[in-house]
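Each chain, written out:
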Amino acid sequence: MKNQEIARILYEIADILEIKGVEWKPIAYRKAARNIETLSEDVFELYKKDKLDDIPGVGKNIAEKIEELLKTGKLRYYEELKKSIPIKIEELISVPSLGPKRIKILYEKLKIKNLKDLKDAAEKQKIRNLEGFGYITEKEILEGIKGLESTKSRLLIGYMYPMAKEIESKLRAQKFISKATIAGSMRRMKETIHDVDILVTTNNPKKTIDFFTSLPKKKLLAKGSTKASIILYNGLQVDIRVLDNNHYGSGLNYFTGSKEHGIKLRNLAIKKGLKLSEYGIFKGKKTIASKKEEDVYKTLGLEYIEPELREDSGEIEFALKRKLPKLINYNNIKGDLHVHTIYSDGSNTIEEMALKAKSLGRKYIAITDHYGNLAIANALNKRGILKQFKEIKKINKKLSGITILKGSEVNINPDGTLDMDIQILKELDIVVASIHSRFKEDNTDRLIKAMENKYVNFIGHPTGRLINRRKPFNLDFEKIFEKSKETNTFLEINSFPDRLDLNDVNVRAAIKNKCRLIINTDSHSVDHLYFMKFGIGTARRGWSTKNDIINTNNLDKFLKIIER
Ligand code: DGT
Ligand code: CA
Ligand code: ZN
């Protein structure tokens, strides 16, 4: 049983407990589930080393449950919980826009127990009249069910990345392998991937393929003389393609894609009387570029195009004119301004978060635990946050090399006001305002009102989407960008793998409108701080330069920029 499966069961336990009205426990189960889901190590490996309780948020009680799952493949507590309610929670929870609260209402008011009941009720237009649902939600539910029936969802890059990297480095460690590089959508840092493609160069294809297909796996999909595919235990498909070392550059270019980008390049080659393939650029029979990827672009008369831009969305035209932006680098970020701790729904202390952030090269962080009326996230009240201010002060004295700012993630009420007293707002260095509840179809006015509040610095995860689960709400971006510039309220690129919100397309629109952005992780444990990479990837896919992202600055300059 693998991390994602264990996490799913723990999430489901949390949902059932919440439906049953149990307090606190759901928060604990969700916390553990989220940490297991985002863990880069295999839970089974930790269990073998007797280190389950090293996982943040996993105490003795939950560790025992995980152990039972790993040993027997089953969990009695979970089976009994499922039996104790008549609702097929695992079916309903996968429908976008349905959470435990709504599932409970649907059961109480309409006796909806499973997907079939839900579809019937939605088709008969019974759901729109329930309080807190409405016509839009009913439509979303119907569309969501259709989505579930048709497509299998794509995998989130942030959760798959560590395992892909591990395979890449195992390949690199073999003496008979010269180069191994992740290509495909993962190299382009797309938010979701279908599979991982790895390009390998070697003089010994047979040994390479044998080694790759002997890696721990659930299934061998294909094994040929120059390519092979396996499925890992977590369901991730990994393909390798083996080439001769001389073809590394053109091969990498081909297998990085996108397909559309590759087709445009090939047409460009044809116009120049050349031929482009994974084996190189040819003039007649003569190879004129193949070893280095840079040479492929140079030969075609193009400026080098970074992988994140290769989507055939204008990058080739810009590269012809040598007008591509110089993208922000993966090591340019100096601060992380959206971080949770055990004061709300996080799993680590302020000090632990600060030390880990420092080890990743951050110079400053803001602790932004939830505040206000958000029962599900264990939000802080006034007394709690005052206590936290004191602790931050103490830790700032103790640590060097990193500055901790006093922040908060404040809920935006449906009318756009903030769920926090003015006295506390005044005390904070950083206010992240986010919408967490009572979604409307269009939230433009709600966000505009929040941005007009002079204490708000950033808008957290602006569109509220959850990849594969919840659509973004509508926003009139032109208005939002204007308001952002007018009020010095910055929109966030939230790096959490299921958010990546703003997405690449929104980011590019923002940059085009000269609207600067901030990239944060929204970490809930020390293991999430590295998600920054995926936020930066999204910024790069949106054509951002270093100057477009305000937390690339050192602390003094950063604080000046956000002053209002
Ligand atoms: P994915 O796997 O759906 O997340 O997206 P990709 O881009 O990784 O696509 P994939 O895995 O099917 O193929 C990897 C790369 O191989 C792709 O980005 C470009 C190249 N490729 C695959 N099929 C074709 C093709 O029919 N024509 C061209 N020009 N390139 C292809
Ligand atoms: Ca792929
Ligand atoms: Zn947050």
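## So, the coordination of the zinc ion (ligand 3)
- The zinc ion (ligand 3) binds to the protein through His-338 (NE2), His-340 (NE2), Glu-409 (OE) and Asp-522 (OD), with metal-donor distances spanning 2.1 to 2.2 Å.
- Metal-centred angles of 83 to 172 degrees between the four donor atoms at the zinc ion (ligand 3) mark the site as irregular.
- Donor residues for the zinc ion (ligand 3), ordered by position in the chain, follow H-x1-H-x68-E-x112-D. With Glu-409 in strand E14 (residues 403–411) and Asp-522 in the loop between strand E18 (517–520) and helix H23 (532–541), the pair connects residues that are 113 residues apart, well separated along the chain.

## So, the environment of Asp-117
- Positionally, Asp-117 belongs in helix H8 (residues 115–123).
- For Asp-117, a relative accessible area of 23% corresponds to the partly exposed category.
- Along the backbone, Asp-117 and Leu-106 are eleven residues apart, and their C-alpha atoms lie at a distance of 9.9 Å.
- Ignoring anything within four residues of it in the chain, the contact list for Asp-117 reads Lys-111 and Ile-112.

## Details of the coordination of the calcium ion (ligand 2)
- The calcium ion (ligand 2) binds to the protein through Asp-195 (O), Asp-195 (OD) and Asp-197 (OD); the donor distances cover 2.2 to 3.0 Å.
- Coordination at the calcium ion (ligand 2) is irregular: its six donor atoms span angles of 63 to 162 degrees at the metal.

## Here's the deal with the sheet that holds strand E10 (residues 286–289)
- Pairing is antiparallel in the open sheet, where three strands are placed in the order E8-E9-E10. At either margin of the open sheet sits one strand with a lone partner, and together these are strand E8 (275–277) and E10. Along the sheet, successive strands turn relative to each other by an average axial angle of 35 degrees, direction set aside.
- Pairing geometry for strand E9 (residues 280–283) and E10, over three bridges, is antiparallel.

## Some points on the domain arrangement of the protein chain
- Per the domain assignment, the segments making up the protein chain are domain 1 (3–151), domain 2 (155–243), domain 3 (248–320) and domain 4 (335–561).
- For domain 1 versus domain 3, the distance between C-alpha centres works out to 46 Å.

## Some remarks on the site of ligand 1
- Near ligand 1 there are 15 residues, and of these Arg-154, Ser-185, Arg-188, His-194 and Arg-266 occur at the shortest range.
- For ligand 1, an oxygen atom lies 3.1 Å from a polar atom in the side chain of Asp-197.
- Burial of ligand 1 by the protein chains amounts to 72% of its free accessible area of 600 Å².
- Of the pockets mapped on this structure, ligand 1 occupies the second largest pocket.
- Listed by contribution, the elements that provide at least two residues to the shell around ligand 1 are helix H11 (184–187), helix H13 (248–256) and helix H14 (259–271).
- Looking at the shell around ligand 1 element by element, the count peaks at three residues for H13.
- Looking at side-chain class alone, the shell around ligand 1 contains three nonpolar, six polar and six charged residues.
- Taken domain by domain, the shell around ligand 1 gets at least three of its residues from each of domain 2 (155–243) and domain 3 (248–320).

## Side note on the pattern of salt bridges
- Here the structure, examined in full by the defined rule, presents 33 salt bridges.
- For Lys-49, the salt bridge identified is with Glu-41, shortest N-O distance 3.2 Å.
- With a relative accessible area of 47%, Lys-49 lands in the partly exposed category.
- Arg-241 serves as the salt-bridge partner of Glu-278, at 3.6 Å between the closest nitrogen and oxygen. Separated by 37 residues along the polypeptide, Glu-278 in the loop between E8 and E9 and Arg-241 in strand E7 (residues 237–243) bring together distant segments of the chain.

## Focus: the nonpolar core
- Ile-459, Leu-517 and Ile-519 are the most contacted members of the largest nonpolar core, which has 55 residues in total.
- Apart from residues lying up to four places away in sequence, Ile-459 is in contact with Ile-412, Ala-433, Leu-447, Ala-450, Met-451, Thr-489, Phe-490, Leu-491 and Glu-492.

## A look at the packing of helix H1 (residues 3–19) against helix H7 (residues 100–110)
- Packing of H1 against H7 brings their axes to within 9 Å, and their N-to-C directions diverge by 50 degrees. Classified by the angle their axes make, H1 and H7 are oblique. When you trace H1 past H7, the crossing you get is right-handed. For the pair formed by H1 and H7, the contact residues are Asp-15, Glu-18 and Ile-19 on the first element and Pro-100, Lys-101, Ile-103 and Lys-104 on the second.

## Comments concerning the packing of aromatic side chains
- Summed over all chains, the structure comprises 15 aromatic pairs.
- Ring centres of Phe-458 and Phe-558 lie 6.3 Å apart, and the angle between their planes is 45 degrees; on these two criteria the pair is classed as tilted. Taken as a pair, Phe-458 in strand E16 (residues 458–459) and Phe-558 in helix H24 (residues 555–562) lie far apart in primary sequence, 100 residues in all. With respect to class, Phe-458 is no different from Phe-558; both count as buried.
- Here the aromatic residues Tyr-159, Tyr-161, Phe-496, Tyr-530, Phe-531 and Phe-534 are joined through ring pairs into a cluster of three or more.
- Positioned above the aromatic ring of Phe-133, the side-chain terminus of Arg-102 is 5.1 Å from the ring centre.
- Between the NZ or CZ atom of Lys-111 and the centre of the ring of Tyr-107, over which it lies, the distance is 4.7 Å.

The rules behind the values
- Residues numbered from 1 in each chain as written.
- Chains lettered and ligands numbered in written order.
- Predicted model: local features only at pLDDT ≥ 70, side-chain atom pairs only at ≥ 80, totals over all residues.
- Heavy atoms only, no water.
- Donors = N, O, S within 2.8 Å, 3.2 Å for Na, K, Ca; no water.
- Tetrahedral: all angles 85-135°; square planar, octahedral: opposite > 155°, others 65-115°.
- Helix = DSSP H or I, 4+ residues; strand = E, 2+ residues; numbered from the N terminus.
- Buried < 20%, exposed > 50% of the residue type's maximum accessible area, 1.4 Å probe, protein only.
- Contact = heavy atoms within 4.5 Å.
- Pairing = 2+ DSSP bridges.
- Axes fitted to C-alpha atoms, helices over the stretch in contact; angles between N-to-C directions.
- Domains from an automatic or database assignment.
- Near = heavy atom within 4 Å.
- Polar contact = N/O pair within 3.5 Å; in protein donor to acceptor, adjacent residues only side chain to side chain.
- Areas by Shrake-Rupley, 256 points an atom, 1.4 Å probe, with all protein chains shown as cover.
- 1 Å grid on protein atoms, 1.4 Å probe; cavity = no way out; pocket = protein on both sides within 12 Å on 5 of 7 lines; lining within 4 Å.
- Sits in = over half its atoms within 2 Å of the grid points.
- Nonpolar A, V, L, I, M, F, W, Y, C, P; charged D, E, K, R; others polar.
- Salt bridge = Lys/Arg side-chain N within 4 Å of Asp/Glu carboxyl O.
- Core = buried A, V, L, I, M, F, W, Y, C linked by side-chain atoms within 4.5 Å.
- Parallel < 35°, antiparallel > 145°, perpendicular 65-115°, else oblique.
- Left-handed = near helix turned anticlockwise from the far one by under 90°.
- Phe/Tyr/Trp six-rings, centres within 6.5 Å; stacked < 30°, edge-to-face > 60°.
- Lys NZ or Arg CZ within 6 Å of the ring centre and 35° of its normal.

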